[in-house]
Amino acid sequence: MIAPPEITRVTTARVACDGAHAGIPAALGHPRVFLQIDEHGYVDCGYCDRRFVLIGGPADGADQSQLPDHPAGASL
């Protein structure tokens, strides 16, 4: 498996993604989506593939390239 393009460690299980990150302003990103991290401890954005990992969760500190894509929980 290939590691996701960007990994963001977060402190809450509910996160928002709009595609903005280093070098890309929100206006050039994608529609804002809200994602829910479940018992896997991470979730991937369905638009930009950014992975959000819950600090202290089961995926925190794991080899991210070995974890499957997990886009569940996306909502507009």
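Refer to the preceding data block for the structure.
The present account deals with the structure reproduced in this document. (Residues numbered from 1 in each chain as written. Predicted model: local features only at pLDDT ≥ 70, side-chain atom pairs only at ≥ 80, totals over all residues. Heavy atoms only, no water.)

**Topic: the overall build of the chain**
Now for step 1: Broken down by element type, the chain carries 0 helices and 5 strands.
Now for step 2: A fraction of 51% describes how many contacts in the chain between residues 6 or more apart in sequence connect residues 24 or more apart.
Now for step 3: When the accessible surface of the chain is split by element, carbon and sulfur atoms take 58% of a total near 4,400 Å². (Helix = DSSP H or I, 4+ residues; strand = E, 2+ residues; numbered from the N terminus. Contact = heavy atoms within 4.5 Å. Areas by Shrake-Rupley, 256 points an atom, 1.4 Å probe, with all protein chains shown as cover.)

**Considerations on unusual backbone geometry**
Glycine aside, residues mostly have negative phi, and peptide bonds are mostly found in the trans state.
Now for step 1: Positive phi is not limited to glycine here, since Asp49 has a value of about 70°.
Now for step 2: Mapped onto the fold, Asp49 is located in the loop between strand 4 (42-44) and strand 5 (51-54).
Now for step 3: By relative accessible area, which is 42% here, Asp49 ends up partly exposed. (Buried < 20%, exposed > 50% of the residue type's maximum accessible area, 1.4 Å probe, protein only.)

**Quick look at the side chain of Asp18**
Now for step 1: With respect to the helices, strands and loops of the structure, Asp18 is situated in the loop between strand 2 (14-17) and strand 3 (33-36).
Now for step 2: A polar side-chain atom of Asp18 sits 3.0 Å from the main-chain amide nitrogen of Ala20.
Now for step 3: A distance of 3.4 Å separates polar atoms of two side chains, one belonging to Asp18 and the other to Arg32.
Now for step 4: The contacts of Asp18, once residues within four sequence positions are left out, are Ala26, Gly29, His30, Pro31 and Arg32. (Polar contact = N/O pair within 3.5 Å; in protein donor to acceptor, adjacent residues only side chain to side chain.)

**Observations concerning the sheet that holds strand 5**
Now for step 1: The strand order across the open sheet built from 3 strands is 1-5-4, with neighbouring strands paired in mixed fashion. Two strands bound the open sheet, and with one partner strand each, they are strand 1 (7-10) and strand 4. Within this sheet the neighbouring strands show an average axis-to-axis angle of 20°, counted without direction.
Now for step 2: Bridge analysis of strand 4 against strand 5 gives 3 bridges, and the strand direction is antiparallel. Its bridge partner being in strand 5, Asp44 is matched across the sheet by Arg51. (Pairing = 2+ DSSP bridges. Axes fitted to C-alpha atoms, helices over the stretch in contact; angles between N-to-C directions.)

**Some details on the nonpolar core**
Now for step 1: In this structure, Val10, Val15, Cys17, Val33, Leu35, Ile37, Val43, Cys45 and Phe52 together form the largest nonpolar core, which totals 9 residues.
Now for step 2: Of all the secondary structure elements, the ones that give two or more residues to this core are strand 2 and strand 3. (Core = buried A, V, L, I, M, F, W, Y, C linked by side-chain atoms within 4.5 Å.)

**Concerning the pairing of strand 2**
Now for step 1: Side chains Val15 and Cys17 project from strand 2 onto a buried face, and the interleaved Arg14 and Ala16 project onto a face without burial.
Now for step 2: Relative to strand 3, strand 2 runs antiparallel, the two sharing 4 bridges. If you follow Ala16 over to strand 3, its bridge partner there is Phe34.

**Some thoughts on the pattern of salt bridges**
Now for step 1: Using the criterion set out here, one finds 5 salt bridges in the structure.
Now for step 2: The salt bridge partner of Asp69 is Arg51, with a shortest N-O separation of 4.0 Å. Taken together, the positions of Asp69 in the segment after strand 5 and Arg51 in strand 5 put the pair 18 residues apart, joining distant regions of the chain.
Now for step 3: A relative accessible area of 63% means that Asp69 is categorised as exposed.
Now for step 4: Under the relative-accessibility criterion, Arg51 is labelled buried at 1%.
Now for step 5: One connected set of salt bridges, linked through shared partners, spans Asp44, Arg51 and Asp69. (Salt bridge = Lys/Arg side-chain N within 4 Å of Asp/Glu carboxyl O.)

Taken by themselves, the reported measurements are silent on function.
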